[in-house]
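What the coordinates show
One letter stands for each residue in the lines below.
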Amino acid sequence: MDLLVCPLCKGPLGHDHATHELVCAADRLAFPIRDGIAVMLESEARSLDATPPSADATNAS
Ligand SMILES: [Zn+2]
């Protein structure tokens, strides 16, 4: 199995088994896996920063 890398930064991707996504920690993007095939398109990626803030307060300094 080939190691998938981020199409943007060419860094290694982590596999989120819960959401079936490939996650780039550097870009804060999650690429979906559809029918067992990773969709390595930035336009299809989900921004991890879109998650609602919980404990972390906005740091505008
Ligand atoms: Zn990346």
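Look a little higher up for the structure.
Read on for a plain summary of the structure. Small disclaimer: the values here were computed from a predicted structure and weren't measured. Within each chain, residues carry numbers counting from 1 in the order of the written sequence. Residues qualify for local features only when their pLDDT is at least 70, as the model is predicted, and side-chain atom pairs are given and counted only at 80 or more; totals for whole chains, interfaces and linings, by contrast, use all residues. Only hydrogens and water are set aside when side-chain values are computed; all heavy atoms of the structure are taken into account.

1. Observations concerning the overall build of the chain
In plain terms, the rule: Secondary structure elements follow DSSP: runs of H or I of four or more residues count as helices, runs of E of two or more count as strands, with numbering from the N terminus. The cut-offs for exposure are 20% and 50% of the maximum accessible area for each residue type, with area from a 1.4 Å probe on protein chains only; residues under the lower value are buried, those over the upper are exposed, and the others partly exposed. Working rule for contacts: check all heavy atoms of both residues, and any pair within 4.5 Å makes them a contact. A 1.4 Å probe and the Shrake-Rupley method give the accessible areas. Residues count as covered only by the protein chains that appear here.
The helix and strand inventory of the chain stands at zero helices and five strands. Of the regular secondary structure in the chain, the N- to C-terminal order runs β-β-β-β-β. For the chain, with 61 residues in total, the buried portion stands at 23%. In the chain, of all internal contacts separated by at least 6 residues, the share reaching a separation of at least 24 is 14%. With the model as given, the accessible surface of the chain reaches about 4700 Å², and the carbon-plus-sulfur share is 55%.

2. Some thoughts on the coordination of the zinc ion
For clarity, the threshold we go by: Listed donors are limited to N, O and S atoms within 2.8 Å of the metal, widened to 3.2 Å for Na, K and Ca; water is not among them, so incomplete-looking sites are possible. Here a site with four donors is tetrahedral if all angles are between 85 and 135 degrees, and a site with four or six donors is square planar or octahedral if opposite donors are over 155 degrees apart and the other angles are between 65 and 115; anything else gets the irregular label.
Surrounding the zinc ion are the protein donor atoms Cys6 (SG), Cys9 (SG), Cys24 (SG) and Asp27 (OD), which sit 1.9 to 2.3 Å from the metal. The site at the zinc ion holds four donor atoms, and with the angles between them running 99 to 115 degrees, its shape is tetrahedral. Mapped onto the sequence, the donors of the zinc ion take the spacing C-x2-C-x14-C-x2-D. A residue pair is termed long-range when its members are at least 10 positions apart, and Cys9 in the segment before strand 1 (14–16) and Cys24 in strand 2 (residues 21–24) qualify at 15 residues. Judged by relative accessible area, Cys24 falls into the buried class, the value being 1%.

3. Points about the side chain of Glu21
The following threshold applies: Between N or O atoms, a polar contact is any pair within 3.5 Å; within protein, one atom must be a potential hydrogen donor and the other a potential acceptor, and residues adjacent in sequence are included only when both atoms are from side chains.
Here Glu21 shows up in strand 2. Here the side chain of Glu21 touches Thr19 through a polar contact of 2.9 Å, side chain to side chain. Setting aside chain neighbours within four positions, we find Glu21 in contact with Gly14, His15, Asp16, Ala30, Phe31, Pro32, Ile33 and Arg46.

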